[in-house]
Amino acid sequence: MVVCIVIPAAVVWNYLPTQLSDYPQLLMWINRLTAIYMTIVTTWLLIHFANSFLRLGNQRPLPHQQYVKSLVSVLKIVFIFIAVIVVVAIILDKDPSTLFAGLGAASAILMLAFQDTIKGLVAGIRLTSNEMVAVGDRITVPGAGADGIVEDIKLTTVKIRNFDNTIITVTPQTLVEGSFQNWKGMKENPGRKVVRKVFFDFRSIKAGDDGVVNLTRYRQHMEQWLAGREDVISENIIMVHQLDATSTGLPVEFVFWLTAQDALPYEHAISEIMEHAYAEAPAFGLCIYQQMGS
């Protein structure tokens, strides 16, 4: 641990040889350098104090850790900006408030010159404070070709690792002003929804000897079969129903929820279920619609 001891210039001056008292300019510059040094040390301490909140968040995860990270970044920028103004004021022997007033008059020019940076900062704060996205979320940004896991969020950049391990970097402004898909809701829920359609030939839909239509029996059978599967969430909606008739047959829609959420087991489960749906249709006298060539 480094301990910095600051000794005022006036105290140092008292211990200097009396011959140097004839050089007031030297005393003036010693005073200014001492003030600059104290300003830099104070800024350094403030920045490290702000960084301590980030280290605290890493040891004990906070609910709004990403928001704290963005806020700390803004504070560090403000500390450095104020320190630069104070140092310039000391060098020019001016009152810092005078320089701040001058900056206020030139704020329009500064905003025009740094409008992209300012927009990025505002978008980054909106992105984290509204909890639109967080590190670890899977997001899809069609316009940027990004579909993967968010690895890092800063005030001006969002880093996304695609599933092919390529890295895509987008600006928070792109996410706030555009549109993106966050898969966080799917991960937080116990299952993942499935919606599939099967088209049946109208000529195969017939009433049985008891008057019940074979398609009705088929739909009831598939609903019961889906409810009995372990990978289907029976507490959620399980529905096999018909949609509006089309020129390519009568569409029957399957709606259910699977416990599998990862891509591979999810797709495998859907394939197994729909293959069973196709195979069971002939047992009820139903034909899947298939357009024949001319």
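Residues numbered from 1 in each chain as written. Predicted model: local features only at pLDDT ≥ 70, side-chain atom pairs only at ≥ 80, totals over all residues. Heavy atoms only, no water.

### Structural notes on the overall build of the chain
Then comes step 1: Within the chain, the secondary structure is distributed over ten helices and eight strands.
Then comes step 2: Here the chain, with 294 residues, has 29% of them falling under the buried criterion.
Then comes step 3: Taken as a whole, the chain presents about 18,800 Å² of accessible surface, with 61% of it coming from carbon and sulfur. (Helix = DSSP H or I, 4+ residues; strand = E, 2+ residues; numbered from the N terminus. Buried < 20%, exposed > 50% of the residue type's maximum accessible area, 1.4 Å probe, protein only. Areas by Shrake-Rupley, 256 points an atom, 1.4 Å probe, with all protein chains shown as cover.)

### Some points on the confidence of the model for the chain
Then comes step 1: Residue-level pLDDT values for the chain average 79, and 75% of them are 70 or greater.
Then comes step 2: Within the chain, the lowest mean pLDDT, 52, falls on helix H1 (residues 9-15), and the highest, 95, falls on helix H9 (residues 214-227).
Then comes step 3: Below pLDDT 50 for its whole length, residues 59-63 participates in two contacts with residues either more than four positions away or in separate chains. (pLDDT = per-residue confidence, 0-100. Contact = heavy atoms within 4.5 Å.)

### Notes on the environment of Ala277
Then comes step 1: In this fold, Ala277 is placed in helix H10 (residues 263-280).
Then comes step 2: When the C-alpha atoms of Ala277 and Met222 are compared, they prove to be 7.3 Å apart, with 55 residues separating the residues in sequence.
Then comes step 3: Among residues more than four places away in sequence, those in contact with Ala277 are Tyr218, Met222 and Phe254.

### Describing H9
Then comes step 1: Over its 14 residues, H9 runs 20 Å from end to end, which matches the ideal 20 Å to within 8%, given 1.5 Å per residue.
Then comes step 2: Those residues of H9 not exposed but buried are Asn214, Leu215, Tyr218, Met222 and Leu226. Here the buried residues of H9 occupy an arc of 100 degrees about the axis, which is enough to place them on one side.
Then comes step 3: For H9, the secondary structure elements touched by its buried residues are strand E6 (192-200), strand E7 (239-242), strand E8 (250-258) and H10. (Expected span 1.5 Å × (residues − 1). Arc of directions from axis to C-beta.)

### Some points on the sheet that holds E8
Then comes step 1: Strand order in the open sheet formed by three strands is E6-E8-E7, with antiparallel pairing between adjacent strands. Of all the strands in the sheet, the pair left with one neighbour each is E6 and E7. When strand polarity is set aside, the average angle formed by the axes of neighbouring strands in this sheet is 20 degrees. (Pairing = 2+ DSSP bridges. Axes fitted to C-alpha atoms, helices over the stretch in contact; angles between N-to-C directions.)

### Focus on the sheet that holds strand E1 (residues 138-141)
Then comes step 1: Pairing within the open sheet is antiparallel, and its five strands lie in the order E4-E3-E2-E1-E5. Here the strands that pair on one side only, and so sit at the sheet edges, are strand E4 (167-170) and strand E5 (181-182).
Then comes step 2: Here four bridges tie E1 to strand E2 (residues 146-153), and the two strands are oriented antiparallel to one another. Its bridge partner being in E2, Arg138 is matched across the sheet by Ile149.

### Focus: the packing of aromatic side chains
Then comes step 1: Inspection of every chain in the model, using the stated rule, returns two aromatic pairs.
Then comes step 2: Here the aromatic rings of Phe200 and Tyr218 are separated by 5.3 Å at their centres, their planes lie at 75 degrees, and the arrangement is edge-to-face. Here Tyr218 lies in helix H9 and Phe200 lies in strand E6, a separation of 18 residues in the sequence.
Then comes step 3: We classify Phe200 as buried; its relative accessible area is 0%. (Phe/Tyr/Trp six-rings, centres within 6.5 Å; stacked < 30°, edge-to-face > 60°.)

### Notes on unusual backbone geometry
Then comes step 1: Positive phi, normally seen in glycine, also occurs at Asn165, with a value near 70 degrees.
Then comes step 2: By the secondary structure assignment, Asn165 is in the loop between strand E3 (158-162) and E4.

### Some remarks on the pattern of salt bridges
A side chain of one charge can pair with a side chain of the opposite charge if their charged atoms are brought near each other.
Then comes step 1: Per the counting criterion, the structure on display carries six salt bridges.
Then comes step 2: Where Arg229 meets Asp231, a salt bridge forms, and the shortest distance between an N and an O atom there is 2.7 Å. Asp231 shares its class with Arg229; the two are buried.
Then comes step 3: The shortest N-O distance in the salt bridge between Arg229 and Glu272 comes to 3.4 Å. With Arg229 in the loop between H9 and E7 and Glu272 in helix H10, the pair connects residues that are 43 residues apart, well separated along the chain.
Then comes step 4: A residue is classified by how much of its surface remains accessible, and Arg229, at 15% relative accessible area, is buried.
Then comes step 5: The class of Glu272 is partly exposed, set by a relative accessible area of 46%.
Then comes step 6: Each of Arg229, Asp231 and Glu272 takes part in one network of salt bridges that share partners. (Salt bridge = Lys/Arg side-chain N within 4 Å of Asp/Glu carboxyl O.)

### Side note on the side chain of Thr43
Then comes step 1: Inspection of the secondary structure puts Thr43 in helix H2 (residues 24-59).
Then comes step 2: Residue Thr43 is classed as buried on the basis of its relative accessible area of 12%.
Then comes step 3: A polar side-chain atom of Thr43 sits 2.8 Å from the main-chain carbonyl oxygen of Thr39.
Then comes step 4: Once you skip the residues sitting within four places of it in the chain, Thr43 turns out to touch Phe79, Ile80 and Ala83. (Polar contact = N/O pair within 3.5 Å; in protein donor to acceptor, adjacent residues only side chain to side chain.)

### Observations regarding the nonpolar core
Then comes step 1: With 23 residues, the main nonpolar core has Phe200, Tyr218, Leu226, Phe254, Phe256 and Leu258 as its most contacted residues.
Then comes step 2: Elements represented by at least two residues in this core include exactly E6, H9, E8 and H10.
Then comes step 3: Counting residues per element, this core draws most heavily on H10, at six residues.
Then comes step 4: Among the nonpolar cores identified, the runner-up in size contains 14 residues, and Ala123, Ala146, Val158 and Leu175 belong to it. (Core = buried A, V, L, I, M, F, W, Y, C linked by side-chain atoms within 4.5 Å.)

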